[in-house]
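Read off the chains here:
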Amino acid sequence: MGGGAPISDSELLFEELVRSVHGCGPMEVLESADRYSRAIGLAGITVHLVDLQQHLLVPLTGGPSLDIDSTEAGEAYRSDTLRLDEGSGGELSLWLPLRDGADRMGVLHVRAPSLDEPTLRRCQTLASLLALIVTSKRAYSDTYVRHTRTRPVQLRTEMLRAFLPPRTLGTTRGVSTAVLEPAYELGGDAFDHSITKDTLHAVILDAMGHDLASGLTASVAMAGARGARRNGADLAELTASVEKALVTWLPERFCTGVFATLELATGVFSWANCAHPTPLLIRDRRLVAGALEREPEVPLGLGGVLADTGARTVHRVQLEPGDQVLLYTDGVTEAHDSHGQMFGLEQFADFVIRAASADEPAPETLRRLIHAIHAHQRGSFNDDATIMLLEWHPEGTGVPRPRGG
(Lines give C-alpha, C1' and ligand atoms only; values in the text may rest on other atoms or scores of the structure.)
Protein backbone atom coordinates (compact mmCIF):
# COMPACT_ATOMS: atom_id res chain seq x y z
CA MET A 1 0.00 0.00 0.00
CA GLY A 2 1.25 3.47 -0.86
CA GLY A 3 1.93 5.98 1.85
CA GLY A 4 -0.43 8.87 2.43
CA ALA A 5 -0.62 11.93 4.58
CA PRO A 6 -0.43 11.07 8.30
CA ILE A 7 -3.72 11.14 10.18
CA SER A 8 -3.80 13.74 12.93
CA ASP A 9 -4.90 12.98 16.48
CA SER A 10 -8.06 15.09 16.00
CA GLU A 11 -8.98 13.15 12.85
CA LEU A 12 -8.53 9.87 14.71
CA LEU A 13 -10.74 11.16 17.53
CA PHE A 14 -13.43 12.22 15.07
CA GLU A 15 -13.35 8.83 13.35
CA GLU A 16 -13.71 7.18 16.76
CA LEU A 17 -16.71 9.39 17.52
CA VAL A 18 -18.41 8.54 14.21
CA ARG A 19 -17.83 4.81 14.68
CA SER A 20 -19.16 4.91 18.25
CA VAL A 21 -22.47 6.47 17.20
CA HIS A 22 -24.05 3.20 16.12
CA GLY A 23 -23.64 1.59 19.51
CA CYS A 24 -24.57 4.62 21.64
CA GLY A 25 -27.95 5.52 23.06
CA PRO A 26 -29.55 8.94 22.48
CA MET A 27 -27.83 10.55 25.48
CA GLU A 28 -24.61 8.50 25.39
CA VAL A 29 -23.77 9.87 21.98
CA LEU A 30 -23.89 13.41 23.38
CA GLU A 31 -21.42 12.38 26.09
CA SER A 32 -19.11 10.94 23.41
CA ALA A 33 -19.34 14.17 21.43
CA ASP A 34 -18.53 16.20 24.53
CA ARG A 35 -15.43 14.05 25.17
CA TYR A 36 -14.33 14.67 21.58
CA SER A 37 -14.85 18.42 22.01
CA ARG A 38 -12.62 18.51 25.09
CA ALA A 39 -9.96 16.46 23.32
CA ILE A 40 -9.68 19.11 20.58
CA GLY A 41 -9.29 21.92 23.11
CA LEU A 42 -12.87 23.06 23.72
CA ALA A 43 -14.31 23.57 27.20
CA GLY A 44 -17.45 21.57 26.36
CA ILE A 45 -20.58 21.46 24.23
CA THR A 46 -24.34 21.37 24.83
CA VAL A 47 -27.06 20.44 22.35
CA HIS A 48 -30.26 22.52 22.60
CA LEU A 49 -33.38 21.34 20.73
CA VAL A 50 -36.32 23.58 19.93
CA ASP A 51 -39.53 22.88 21.83
CA LEU A 52 -42.76 21.87 20.10
CA GLN A 53 -44.06 25.45 19.80
CA GLN A 54 -40.71 27.05 18.94
CA HIS A 55 -40.59 29.27 22.01
CA LEU A 56 -37.60 27.68 23.77
CA LEU A 57 -34.27 26.01 23.15
CA VAL A 58 -34.08 23.09 25.57
CA PRO A 59 -30.67 21.70 26.66
CA LEU A 60 -30.52 17.92 26.47
CA THR A 61 -27.92 17.50 29.19
CA GLY A 62 -29.14 19.86 31.88
CA GLY A 63 -29.36 23.59 32.43
CA PRO A 64 -32.00 26.25 31.83
CA SER A 65 -34.07 26.50 28.66
CA LEU A 66 -33.35 29.58 26.57
CA ASP A 67 -35.93 31.93 25.11
CA ILE A 68 -35.73 32.06 21.31
CA ASP A 69 -36.82 35.68 21.04
CA SER A 70 -34.42 37.25 23.54
CA THR A 71 -31.14 35.33 23.68
CA GLU A 72 -27.98 34.97 21.61
CA ALA A 73 -28.80 31.29 21.20
CA GLY A 74 -32.23 32.28 19.92
CA GLU A 75 -30.67 34.69 17.43
CA ALA A 76 -28.60 31.82 16.01
CA TYR A 77 -31.80 29.78 15.65
CA ARG A 78 -33.91 32.63 14.22
CA SER A 79 -31.36 33.80 11.66
CA ASP A 80 -29.80 30.39 10.94
CA THR A 81 -26.36 31.91 11.48
CA LEU A 82 -23.58 31.19 13.92
CA ARG A 83 -23.24 33.65 16.80
CA LEU A 84 -20.18 34.31 18.94
CA ASP A 85 -19.92 36.21 22.21
CA GLU A 86 -17.54 36.47 25.16
CA GLY A 87 -18.69 35.21 28.51
CA SER A 88 -17.41 35.80 32.01
CA GLY A 89 -13.70 35.15 32.47
CA GLY A 90 -13.03 35.62 28.77
CA GLU A 91 -14.45 32.23 27.71
CA LEU A 92 -16.01 32.28 24.26
CA SER A 93 -19.54 31.08 23.58
CA LEU A 94 -20.26 29.90 20.04
CA TRP A 95 -23.83 29.09 18.96
CA LEU A 96 -24.20 26.98 15.82
CA PRO A 97 -27.51 26.14 14.11
CA LEU A 98 -28.52 22.46 14.06
CA ARG A 99 -30.43 21.53 10.92
CA ASP A 100 -31.96 18.41 9.41
CA GLY A 101 -31.60 19.47 5.79
CA ALA A 102 -33.59 22.72 5.67
CA ASP A 103 -35.41 22.01 8.94
CA ARG A 104 -34.26 23.90 12.04
CA MET A 105 -33.77 21.55 14.99
CA GLY A 106 -32.02 23.72 17.54
CA VAL A 107 -28.50 24.96 18.27
CA LEU A 108 -25.16 23.62 19.44
CA HIS A 109 -23.47 25.61 22.21
CA VAL A 110 -19.67 25.44 22.13
CA ARG A 111 -17.58 26.84 24.99
CA ALA A 112 -13.92 27.51 24.27
CA PRO A 113 -10.99 29.50 25.69
CA SER A 114 -10.20 30.59 22.12
CA LEU A 115 -11.17 29.76 18.55
CA ASP A 116 -9.03 29.64 15.44
CA GLU A 117 -10.22 28.80 11.91
CA PRO A 118 -9.39 25.05 12.00
CA THR A 119 -11.21 24.66 15.33
CA LEU A 120 -14.22 26.58 14.01
CA ARG A 121 -14.39 24.21 11.03
CA ARG A 122 -14.30 21.24 13.42
CA CYS A 123 -17.15 22.79 15.41
CA GLN A 124 -19.23 23.23 12.27
CA THR A 125 -18.55 19.64 11.24
CA LEU A 126 -19.48 18.43 14.72
CA ALA A 127 -22.76 20.39 14.54
CA SER A 128 -23.58 18.71 11.21
CA LEU A 129 -22.81 15.28 12.64
CA LEU A 130 -24.88 15.85 15.77
CA ALA A 131 -27.84 17.02 13.68
CA LEU A 132 -27.67 13.78 11.69
CA ILE A 133 -27.37 11.73 14.89
CA VAL A 134 -30.37 13.38 16.56
CA THR A 135 -32.43 12.97 13.38
CA SER A 136 -31.54 9.28 13.22
CA LYS A 137 -32.04 8.39 16.87
CA ARG A 138 -35.26 10.32 17.46
CA ALA A 139 -36.93 8.09 14.85
CA TYR A 140 -36.96 5.22 17.36
CA SER A 141 -36.44 6.88 20.75
CA ASP A 142 -38.72 9.10 22.86
CA THR A 143 -35.77 10.69 24.67
CA TYR A 144 -35.54 13.83 22.56
CA VAL A 145 -39.32 14.20 22.24
CA ARG A 146 -39.75 14.19 26.00
CA HIS A 147 -37.29 17.04 26.32
CA THR A 148 -39.05 19.18 23.74
CA ARG A 149 -42.61 18.87 25.09
CA THR A 150 -43.67 21.09 27.95
CA ARG A 151 -46.88 19.18 28.67
CA PRO A 152 -48.71 16.03 27.54
CA VAL A 153 -50.41 15.98 24.14
CA GLN A 154 -53.94 14.72 23.57
CA LEU A 155 -54.55 11.31 22.00
CA ARG A 156 -55.78 12.67 18.67
CA THR A 157 -52.75 14.96 18.55
CA GLU A 158 -50.33 12.11 19.21
CA MET A 159 -51.92 10.19 16.35
CA LEU A 160 -51.62 13.09 13.93
CA ARG A 161 -48.08 14.00 14.95
CA ALA A 162 -46.95 10.46 14.22
CA PHE A 163 -47.74 11.19 10.55
CA LEU A 164 -46.36 14.72 10.26
CA PRO A 165 -43.10 15.31 8.36
CA PRO A 166 -40.42 17.82 9.44
CA ARG A 167 -41.61 21.43 9.49
CA THR A 168 -39.30 22.45 6.64
CA LEU A 169 -37.77 20.74 3.63
CA GLY A 170 -36.36 21.85 0.33
CA THR A 171 -33.43 22.19 -2.02
CA THR A 172 -31.59 25.25 -3.25
CA ARG A 173 -34.39 25.75 -5.81
CA GLY A 174 -37.47 25.44 -3.66
CA VAL A 175 -38.56 25.37 -0.02
CA SER A 176 -41.72 24.25 1.76
CA THR A 177 -42.24 25.12 5.41
CA ALA A 178 -45.24 24.73 7.71
CA VAL A 179 -46.51 25.38 11.24
CA LEU A 180 -49.67 24.32 13.03
CA GLU A 181 -51.38 25.04 16.32
CA PRO A 182 -52.62 24.30 18.92
CA ALA A 183 -49.52 22.14 19.21
CA TYR A 184 -50.80 19.99 22.08
CA GLU A 185 -54.52 19.84 21.19
CA LEU A 186 -54.67 19.42 17.42
CA GLY A 187 -58.04 18.35 16.06
CA GLY A 188 -58.16 17.70 12.34
CA ASP A 189 -55.56 19.90 10.64
CA ALA A 190 -52.51 18.31 9.04
CA PHE A 191 -49.87 18.96 6.39
CA ASP A 192 -47.47 16.89 4.34
CA HIS A 193 -44.65 17.68 1.95
CA SER A 194 -42.00 15.71 0.12
CA ILE A 195 -39.46 15.97 -2.70
CA THR A 196 -39.28 13.41 -5.49
CA LYS A 197 -36.61 14.10 -8.09
CA ASP A 198 -37.41 17.63 -9.34
CA THR A 199 -40.89 17.94 -7.81
CA LEU A 200 -41.90 19.45 -4.49
CA HIS A 201 -45.17 17.94 -3.25
CA ALA A 202 -47.41 19.67 -0.68
CA VAL A 203 -50.68 18.79 1.05
CA ILE A 204 -52.76 20.70 3.57
CA LEU A 205 -55.86 19.19 5.20
CA ASP A 206 -58.69 20.28 7.48
CA ALA A 207 -60.94 17.46 8.69
CA MET A 208 -64.48 18.01 9.92
CA GLY A 209 -64.81 18.41 13.69
CA HIS A 210 -62.32 18.58 16.52
CA ASP A 211 -62.28 15.12 18.04
CA LEU A 212 -60.51 11.78 17.75
CA ALA A 213 -62.44 10.94 14.57
CA SER A 214 -61.22 14.22 13.06
CA GLY A 215 -57.62 13.23 13.71
CA LEU A 216 -58.33 9.81 12.24
CA THR A 217 -59.89 11.40 9.15
CA ALA A 218 -56.85 13.62 8.55
CA SER A 219 -54.50 10.68 9.14
CA VAL A 220 -56.34 8.46 6.63
CA ALA A 221 -56.38 11.28 4.06
CA MET A 222 -52.68 11.89 4.53
CA ALA A 223 -51.88 8.19 4.24
CA GLY A 224 -54.00 7.95 1.10
CA ALA A 225 -52.11 10.86 -0.45
CA ARG A 226 -48.71 9.47 0.49
CA GLY A 227 -49.50 6.00 -0.78
CA ALA A 228 -50.68 7.35 -4.13
CA ARG A 229 -47.72 9.71 -4.45
CA ARG A 230 -45.25 6.92 -3.72
CA ASN A 231 -46.90 4.82 -6.39
CA GLY A 232 -46.29 7.58 -8.95
CA ALA A 233 -49.83 8.99 -9.08
CA ASP A 234 -50.47 12.42 -10.57
CA LEU A 235 -52.61 14.96 -8.69
CA ALA A 236 -55.90 13.79 -10.18
CA GLU A 237 -55.15 10.18 -9.28
CA LEU A 238 -53.91 11.19 -5.86
CA THR A 239 -57.09 13.04 -4.92
CA ALA A 240 -59.15 10.12 -6.20
CA SER A 241 -57.14 7.82 -3.94
CA VAL A 242 -57.84 10.00 -0.90
CA GLU A 243 -61.54 10.15 -1.81
CA LYS A 244 -61.71 6.37 -2.08
CA ALA A 245 -59.93 5.87 1.25
CA LEU A 246 -62.32 8.18 3.11
CA VAL A 247 -65.46 6.77 1.49
CA THR A 248 -64.34 3.20 2.17
CA TRP A 249 -63.15 3.51 5.76
CA LEU A 250 -64.80 6.65 7.14
CA PRO A 251 -68.03 7.05 5.15
CA GLU A 252 -69.53 9.62 7.54
CA ARG A 253 -66.51 11.90 7.66
CA PHE A 254 -65.08 14.44 5.23
CA CYS A 255 -62.26 16.96 4.97
CA THR A 256 -61.15 19.86 2.83
CA GLY A 257 -57.69 20.10 1.37
CA VAL A 258 -55.27 21.37 -1.24
CA PHE A 259 -52.95 18.96 -3.05
CA ALA A 260 -50.13 20.65 -4.93
CA THR A 261 -46.87 20.16 -6.79
CA LEU A 262 -44.13 22.60 -7.68
CA GLU A 263 -41.80 21.67 -10.54
CA LEU A 264 -38.45 22.94 -9.33
CA ALA A 265 -36.88 23.01 -12.80
CA THR A 266 -39.64 25.02 -14.49
CA GLY A 267 -41.63 26.73 -11.73
CA VAL A 268 -44.97 25.22 -12.80
CA PHE A 269 -47.29 25.13 -9.79
CA SER A 270 -50.20 22.67 -10.02
CA TRP A 271 -52.95 22.18 -7.49
CA ALA A 272 -56.36 20.63 -6.82
CA ASN A 273 -58.53 22.48 -4.31
CA CYS A 274 -61.17 20.41 -2.52
CA ALA A 275 -63.40 23.04 -0.86
CA HIS A 276 -60.42 24.57 0.94
CA PRO A 277 -59.48 28.25 1.34
CA THR A 278 -57.92 29.58 -1.87
CA PRO A 279 -54.09 29.56 -1.91
CA LEU A 280 -52.45 32.97 -2.04
CA LEU A 281 -49.74 34.09 -4.47
CA ILE A 282 -47.19 36.66 -3.35
CA ARG A 283 -45.05 38.17 -6.09
CA ASP A 284 -42.62 41.07 -5.92
CA ARG A 285 -43.55 41.74 -2.29
CA ARG A 286 -47.28 42.07 -2.95
CA LEU A 287 -50.34 39.86 -2.88
CA VAL A 288 -51.61 39.09 -6.38
CA ALA A 289 -55.34 39.26 -5.72
CA GLY A 290 -57.35 36.32 -7.10
CA ALA A 291 -54.35 34.77 -8.87
CA LEU A 292 -55.19 31.25 -7.64
CA GLU A 293 -58.96 31.69 -7.32
CA ARG A 294 -60.81 28.90 -9.16
CA GLU A 295 -64.27 27.34 -9.20
CA PRO A 296 -64.82 25.65 -5.80
CA GLU A 297 -65.23 21.89 -5.54
CA VAL A 298 -66.82 19.71 -2.87
CA PRO A 299 -64.88 18.34 0.14
CA LEU A 300 -63.19 14.97 0.07
CA GLY A 301 -65.19 12.05 1.39
CA LEU A 302 -68.56 12.91 -0.10
CA GLY A 303 -68.38 10.27 -2.84
CA GLY A 304 -70.70 8.09 -0.79
CA VAL A 305 -73.25 10.90 -0.41
CA LEU A 306 -73.19 12.60 -3.78
CA ALA A 307 -74.04 10.56 -6.85
CA ASP A 308 -70.94 11.64 -8.76
CA THR A 309 -68.34 14.04 -7.48
CA GLY A 310 -66.38 13.61 -10.70
CA ALA A 311 -62.64 13.85 -11.16
CA ARG A 312 -60.99 16.75 -9.39
CA THR A 313 -59.79 19.60 -11.57
CA VAL A 314 -56.05 20.18 -11.58
CA HIS A 315 -55.08 23.82 -12.14
CA ARG A 316 -51.69 25.11 -13.25
CA VAL A 317 -49.88 28.43 -13.19
CA GLN A 318 -46.36 29.49 -14.11
CA LEU A 319 -44.51 30.95 -11.15
CA GLU A 320 -41.83 33.59 -11.42
CA PRO A 321 -38.50 33.44 -9.56
CA GLY A 322 -38.97 34.36 -5.90
CA ASP A 323 -42.73 33.72 -5.91
CA GLN A 324 -44.33 32.52 -2.68
CA VAL A 325 -47.50 30.43 -2.38
CA LEU A 326 -49.39 30.41 0.91
CA LEU A 327 -51.66 27.52 1.87
CA TYR A 328 -53.67 27.78 5.07
CA THR A 329 -56.70 26.55 6.98
CA ASP A 330 -59.60 28.78 8.00
CA GLY A 331 -58.44 28.76 11.62
CA VAL A 332 -55.75 31.23 10.53
CA THR A 333 -57.82 34.03 9.03
CA GLU A 334 -60.83 33.45 11.30
CA ALA A 335 -58.81 33.66 14.49
CA HIS A 336 -60.47 36.40 16.56
CA ASP A 337 -59.71 38.37 19.69
CA SER A 338 -62.01 38.99 22.69
CA HIS A 339 -63.82 41.71 20.73
CA GLY A 340 -64.53 39.44 17.77
CA GLN A 341 -61.92 41.11 15.55
CA MET A 342 -60.65 38.60 12.98
CA PHE A 343 -56.94 38.24 12.24
CA GLY A 344 -58.00 38.41 8.62
CA LEU A 345 -56.58 37.68 5.20
CA GLU A 346 -55.05 41.12 4.72
CA GLN A 347 -53.07 41.07 7.97
CA PHE A 348 -52.06 37.46 7.26
CA ALA A 349 -50.62 38.24 3.82
CA ASP A 350 -49.08 41.55 4.93
CA PHE A 351 -47.13 39.76 7.67
CA VAL A 352 -45.48 37.45 5.13
CA ILE A 353 -44.79 40.29 2.68
CA ARG A 354 -43.07 42.41 5.33
CA ALA A 355 -40.93 39.46 6.41
CA ALA A 356 -39.92 38.71 2.82
CA SER A 357 -38.98 42.36 2.32
CA ALA A 358 -36.62 42.02 5.29
CA ASP A 359 -35.08 38.85 3.76
CA GLU A 360 -36.22 36.81 6.73
CA PRO A 361 -35.97 33.01 6.29
CA ALA A 362 -39.37 31.48 5.50
CA PRO A 363 -39.37 29.11 8.53
CA GLU A 364 -38.76 32.05 10.86
CA THR A 365 -41.57 34.03 9.22
CA LEU A 366 -44.07 31.24 9.93
CA ARG A 367 -42.78 30.79 13.49
CA ARG A 368 -43.42 34.45 14.25
CA LEU A 369 -46.70 34.47 12.33
CA ILE A 370 -48.25 31.57 14.25
CA HIS A 371 -47.17 33.24 17.50
CA ALA A 372 -48.80 36.49 16.35
CA ILE A 373 -52.05 34.64 15.67
CA HIS A 374 -51.77 33.02 19.09
CA ALA A 375 -51.30 36.43 20.72
CA HIS A 376 -54.23 37.86 18.73
CA GLN A 377 -56.46 35.27 20.39
CA ARG A 378 -55.04 36.04 23.84
CA GLY A 379 -53.14 32.78 24.10
CA SER A 380 -55.71 30.30 22.86
CA PHE A 381 -56.94 28.79 19.60
CA ASN A 382 -60.64 28.47 18.79
CA ASP A 383 -59.80 26.21 15.86
CA ASP A 384 -56.75 24.50 14.41
CA ALA A 385 -54.54 26.90 12.47
CA THR A 386 -52.13 25.55 9.85
CA ILE A 387 -49.94 27.50 7.43
CA MET A 388 -47.70 26.28 4.60
CA LEU A 389 -45.37 28.51 2.62
CA LEU A 390 -43.78 27.40 -0.65
CA GLU A 391 -41.03 29.39 -2.37
CA TRP A 392 -39.45 28.93 -5.80
CA HIS A 393 -35.84 30.04 -6.29
CA PRO A 394 -34.48 28.75 -9.62
CA GLU A 395 -31.29 30.71 -9.04
CA GLY A 396 -30.52 28.38 -6.12
CA THR A 397 -31.02 30.50 -2.99
CA GLY A 398 -33.97 28.70 -1.46
CA VAL A 399 -32.39 26.89 1.47
CA PRO A 400 -30.91 29.09 4.19
CA ARG A 401 -27.37 28.07 5.06
CA PRO A 402 -25.43 28.89 8.22
CA ARG A 403 -22.96 31.71 7.73
CA GLY A 404 -20.81 33.94 9.84
CA GLY A 405 -22.57 36.27 12.27
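Residues numbered from 1 in each chain as written. Predicted model: local features only at pLDDT ≥ 70, side-chain atom pairs only at ≥ 80, totals over all residues. Heavy atoms only, no water.

Enquirer: In this structure, what is going on with the nonpolar core? I would like to understand it.
Expert: Looking at soluble globular proteins, one finds that nonpolar side chains tend to be buried together. Core analysis: the largest hydrophobic core is formed by 47 residues, its most contacted members being Phe259 and Phe269. Other than its neighbours up to four places away in sequence, phenylalanine 269 contacts Ala260, Thr261, Leu262, Leu292, His315, Arg316, Val317, Leu319, Val325 and Leu390. Membership of the second largest hydrophobic core comes to 30 residues, among which are Leu42, Leu108, Ala127 and Ala131. (Core = buried A, V, L, I, M, F, W, Y, C linked by side-chain atoms within 4.5 Å. Buried < 20%, exposed > 50% of the residue type's maximum accessible area, 1.4 Å probe, protein only. Contact = heavy atoms within 4.5 Å.)

Enquirer: Please explain the packing of helix H1 (residues 9-20) against helix H4 (residues 117-137) as it appears in this structure.
Expert: Helices that pack against each other are described as a pair by the angle of their axes relative to one another and the distance between those axes. In contact at an axis separation of 12 Å, H1 and H4 are set at 5° when each is read in the N-to-C sense. By the criterion of interaxial angle, the relationship of H1 to H4 is roughly parallel. Of the residues in H4, those touching H1 at Ser10, Phe14, Leu17 and Val18 are Arg122, Thr125, Leu126 and Leu129. Residue classes in the contact of H1 with H4 are distributed as five nonpolar, two polar and one charged. (Axes fitted to C-alpha atoms, helices over the stretch in contact; angles between N-to-C directions. Helix = DSSP H or I, 4+ residues; strand = E, 2+ residues; numbered from the N terminus. Parallel < 35°, antiparallel > 145°, perpendicular 65-115°, else oblique. Nonpolar A, V, L, I, M, F, W, Y, C, P; charged D, E, K, R; others polar.)

Enquirer: What is the right way to read the pairing of strand S11 (residues 255-263) from this model?
Expert: Within a regular strand, side chains alternate between the sheet's two faces. The element S11 is extensively covered by neighbouring structure, given that eight of its nine residues are classed as buried. Pairing between strand S10 (residues 199-207) and S11: nine bridges, direction antiparallel. Bridging from a neighbouring strand, valine 203 pairs with phenylalanine 259 of S11. The pairing of S11 with strand S12 (residues 268-274) spans six bridges and is antiparallel. Looking across to S12, one finds that glycine 257 is bridged to cysteine 274. (Pairing = 2+ DSSP bridges.)

Enquirer: Just to check I follow, could you spell out unusual backbone geometry for this structure?
Expert: Most peptide bonds take the trans configuration, and most residues that are not glycine carry a negative phi. Note that the residue after glutamate 181, namely proline 182, is joined by a cis bond; omega there is 0°. Considering the arrangement of structural elements, one finds proline 182 in the loop between strand S8 (174-181) and strand S9 (189-196). Positive phi is not limited to glycine here, since aspartate 80 has a value of about 60°. Following the sequence through the fold, aspartate 80 ends up in the loop between helix H3 (72-79) and strand S4 (83-86). Although it is not a glycine, arginine 285 adopts a positive phi angle of roughly 65°. Secondary-structure assignment places arginine 285 in the loop between strand S13 (280-283) and strand S14 (286-287). Residue arginine 285 is classed as partly exposed on the basis of its relative accessible area of 41%.

Enquirer: Any chance you could explain the sheet that holds S10 here in plain terms?
Expert: The strands making up a sheet are joined through hydrogen bonds of the backbone, oriented either antiparallel or parallel. Spatial strand order, S9-S10-S11-S12-S15: five strands in an open sheet with antiparallel pairing. For this open sheet the edge positions go to S9 and strand S15 (315-318), each flanked by a neighbour on one side alone. Ignoring strand direction, the axes of neighbouring strands in this sheet form an average angle of 15°. When S12 meets S15, the two strands line up antiparallel, connected through four bridges. Bridge pairing in S15 links tryptophan 271 to histidine 315. The strands that helix H7 (residues 212-230) touches are S9, S10 and S11; relative to S10, the one it contacts most, it runs at about 160°. On top of the sheet, helix H8 (residues 235-249) reaches S11 and S12; it is set at about 155° to S11, its chief contact.

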